[in-house]
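# Commentary on secondary and tertiary structure
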Amino acid sequence: MSEKTNLPVPAHVAIIMDGNGRWAKARGLPRLAGHHAGTKNLRPIIRAAADAGIKYLTFFAFSTENWNRPEEEVEGLMALLSEFLETELQEMHKEGARFLHIGHLDGLAPSLRKKIEDAIELTRENERIDVILAFNYGGRDEIICAVKKLIEAGTPAEAVDVKAMSDAMFTAGTPDPDIVIRTSGEKRTSNFLTWQTVYSEWFFPEVFWPDFSEEDLLKILAEYSKRDRRFGGLSKK
Ligand code: IPE
Ligand code: IPE
Ligand code: MG
């Protein structure tokens, strides 16, 4: 329950940050300017989520399919992550955020990989909010990796169940998202948290990610509190 609003607060909110390119296009700017504006929006939204009492916040920043974009854009996205870690991490750390990564670090430049690993190490004891960055992440890839892990560990077939699979995911230890938000009006998952979102509540605000505000988040939290989550059972309301 939120102390301020007395409404139930979701533990985990996951965000597909979409629409940076269209945001830029609408202003006659290059796509990378949209990614820049989108990256700038991380900090206020992390703050707003932490203030609202959300304990886990996942951002989809780069999918396993985003490698298909022009090299210049891919390089720009890598540079922006690097810049974000350089400029925002200390502040996040002070504010009690624990930084985590899901996806594959191999495939990234060694210098970027090191920055991500250092960020995880620096913030590992923080407890206010987990900020989980899905970067070079794909939901199908994660499921394949989990199956491989179980096979490599010699797991017998009868021991393969939902818990064993969940524990083998990159997200082990994090509760499934209560809410998934995809900005920009697109209504598809694009390979995000395929295993974990089977009972998530989805929201599709008609706003490009760089313009997504604290107010938009609070509106979603209010609407979430009215949804009836039945998990296949019957309403408790
Ligand atoms: C989301 O914005 C950021 C990434 C996928 C990296 P897009 O770049 O997908 O923006 P649109 O969808 O082209 O507007
Ligand atoms: C999903 O957005 C990936 C991220 C936001 C990081 P995309 O823009 O890549 O998805 P599609 O291609 O429109 O499905
Ligand atoms: Mg997009």
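Quick notes on the rules
- Residues numbered from 1 in each chain as written.
- Chains lettered and ligands numbered in written order.
- Predicted model: local features only at pLDDT ≥ 70, side-chain atom pairs only at ≥ 80, totals over all residues.
- Heavy atoms only, no water.
- Near = heavy atom within 4 Å.
- Polar contact = N/O pair within 3.5 Å; in protein donor to acceptor, adjacent residues only side chain to side chain.
- Areas by Shrake-Rupley, 256 points an atom, 1.4 Å probe, with all protein chains shown as cover.
- 1 Å grid on protein atoms, 1.4 Å probe; cavity = no way out; pocket = protein on both sides within 12 Å on 5 of 7 lines; lining within 4 Å.
- Sits in = over half its atoms within 2 Å of the grid points.
- Helix = DSSP H or I, 4+ residues; strand = E, 2+ residues; numbered from the N terminus.
- Nonpolar A, V, L, I, M, F, W, Y, C, P; charged D, E, K, R; others polar.
- Pairing = 2+ DSSP bridges.
- Axes fitted to C-alpha atoms, helices over the stretch in contact; angles between N-to-C directions.

## Topic: the site of ligand 2
Around ligand 2, the surrounding shell consists of Ile-16, Met-17, Asp-18, Phe-60, Ala-61, Phe-62, Asn-66, Arg-69, Arg-182, Arg-188 and Ser-190. For ligand 2, an oxygen atom lies 3.3 Å from a polar atom in the side chain of Asp-18. Within the complex, 77% of the 390 Å² of free accessible area of ligand 2 lies under protein. Given that more than half its atoms are within 2 Å of the pocket grid, ligand 2 belongs to the largest pocket. Sorting elements by how many residues they give to the shell around ligand 2 places strand S2 (residues 56-63) first, with three residues. Tallied by class, residues from the shell around ligand 2 come to five nonpolar, two polar and four charged.

## Topic: the sheet that holds strand S1 (residues 12-16)
Spatial ordering of the open sheet is given by S3-S4-S2-S1-S5-S6, a layout of six strands whose pairing is parallel. Each edge of the open sheet carries a strand with a single partner, namely strand S3 (97-102) and strand S6 (201-203). On average, adjacent strands in this sheet sit at an angle of 20° to one another, irrespective of strand direction. Alignment of strand S5 (residues 179-182) against S6, held across three bridges, turns out to be parallel. In the sheet register, Ile-179 faces S6, and the bridge partner there is Glu-201.

Structural measurements only, silent on function.
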